[in-house]
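Each chain, written out:
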Amino acid sequence: MNLFFSRDNKLVKGCKANKRQAQEVLYKLYYEDMLRLCFRYLRSDDLALEALNSGFLKIFQNINTFDPQKGDLGAWIRTIMVRSCIDLSRKEARFNYSAIQDVTEEVYIEPSVLDKLFAEDLLKLIRLLPVATQIVFNLSVIDGYSHQEIAEQLGISEGTSRWHLSEAKKQLRTMLKNATIDNPLKNPGS
């Protein structure tokens, strides 16, 4: 038997029984990873923390629906957290779903530019993207969702999803080109 499966089973049983100690262990176990996920999707630390707390509340309220036969506990928690981020993002900003052309474009970024940047700098650049574009970029590139899955989650067309991804790559390419060795975020939008 898998050690993680056994641990997760005990945690889920404890959470289903509304045991605070099990809830605290589950929270601490997934806190860092889920907080990083929320930071990727939302523009401010406050919004990321709000989504994190909202997500964990949903997890504890719906723990009875978790079925270990259908998948991993971590994946289930991650899905809830992504949806929590999307829900909060919808409240904060409206998506522009006007007719957008279906544009796909390959973006080339020189490896030397990427060597200049650290993960934190990349996160800052991603946060500079428009909200809808940022969410689509994260769902597609970081979390590996297909355009069909993104379209279903966000209530947009696949073409709109593709456009947002293309736009994110284009804007990031521009920001990366303008990055300098001393200050990768110096004038990222110009």
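An unreviewed UniProt entry lists the protein chain under the name Sigma-70 region 2, with Sphingobacterium spiritivorum ATCC 33861 given as the organism. You can read under Sequence similarities (unreviewed entry) in the UniProt record for the protein chain the words "Belongs to the sigma-70 factor family. ECF subfamily."

## Side note on the packing of aromatic side chains
Scanning the entire structure with this criterion turns up 4 aromatic pairs. Considering the side-chain rings of Tyr 27 and Tyr 31, the 5.4 Å spacing of their centres and the 45° angle between planes classify their relative orientation as tilted. Of the two residues, Tyr 27 and Tyr 31 are both situated in helix α2 (residues 20-41); the distance of 4 residues between them amounts to about one turn of the helix. Residue class for Tyr 27 comes out partly exposed when judged on its relative accessible area of 27%.

## Things to note about the side chain of Gln 134
Along the chain, Gln 134 falls in helix α7 (residues 131-142). On the basis of relative accessible area, Gln 134 is assigned to the buried category, the value being 0%. Polar contacts involving the side chain of Gln 134 include one to the main-chain carbonyl oxygen of Tyr 41, which spans 3.2 Å. In this view, Gln 134 contacts Arg 40, Tyr 41, Leu 42, Arg 43, Ile 126, Arg 127 and Leu 129; residues no more than four positions away in its chain are not counted.

## Some remarks on the environment of Phe 56
In this structure, Phe 56 sits in helix α3 (residues 45-61). C-alpha separation for the pair Phe 56 and Ile 80, spaced 24 residues apart in sequence, amounts to 8.4 Å.

Reading guide: rules and limits
Every residue gets a number counted from 1 within its own chain, in the order that chain's sequence is written. Local features are withheld for residues below a pLDDT of 70 in this predicted model, meaning they are given only at 70 or higher, and side-chain atom pairs are given and counted only at 80 or more; totals for whole chains, interfaces and linings count all residues. To obtain the side-chain values, all non-hydrogen atoms of the structure were included, while hydrogens and water were left out. UniProt positions are given in the numbering used here, feature names are shortened, and annotations may be inferred rather than shown by experiment. For this analysis, a ring pair means two rings from Phe, Tyr or Trp (six-membered ring only for Trp) whose centres lie within 6.5 Å, classed as stacked if their planes differ by under 30 degrees, edge-to-face if by over 60, and tilted for the remaining angles. For helices the rule is a DSSP run of H or I covering at least 4 residues; for strands it is a run of E covering at least 2, with both sets numbered from the N terminus onward. Using a 1.4 Å probe on the protein chains alone, a residue whose accessible area is under 20% of its type maximum counts as buried, one over 50% counts as exposed, and one in between counts as partly exposed. The term polar contact refers here to a pair of N or O atoms within 3.5 Å; inside protein, the definition further demands a hydrogen-donor-capable atom paired with an acceptor-capable atom, and it admits residues adjacent in sequence only when both atoms are side-chain atoms. Here a residue-residue contact requires only that any non-hydrogen atoms of the pair lie within 4.5 Å.

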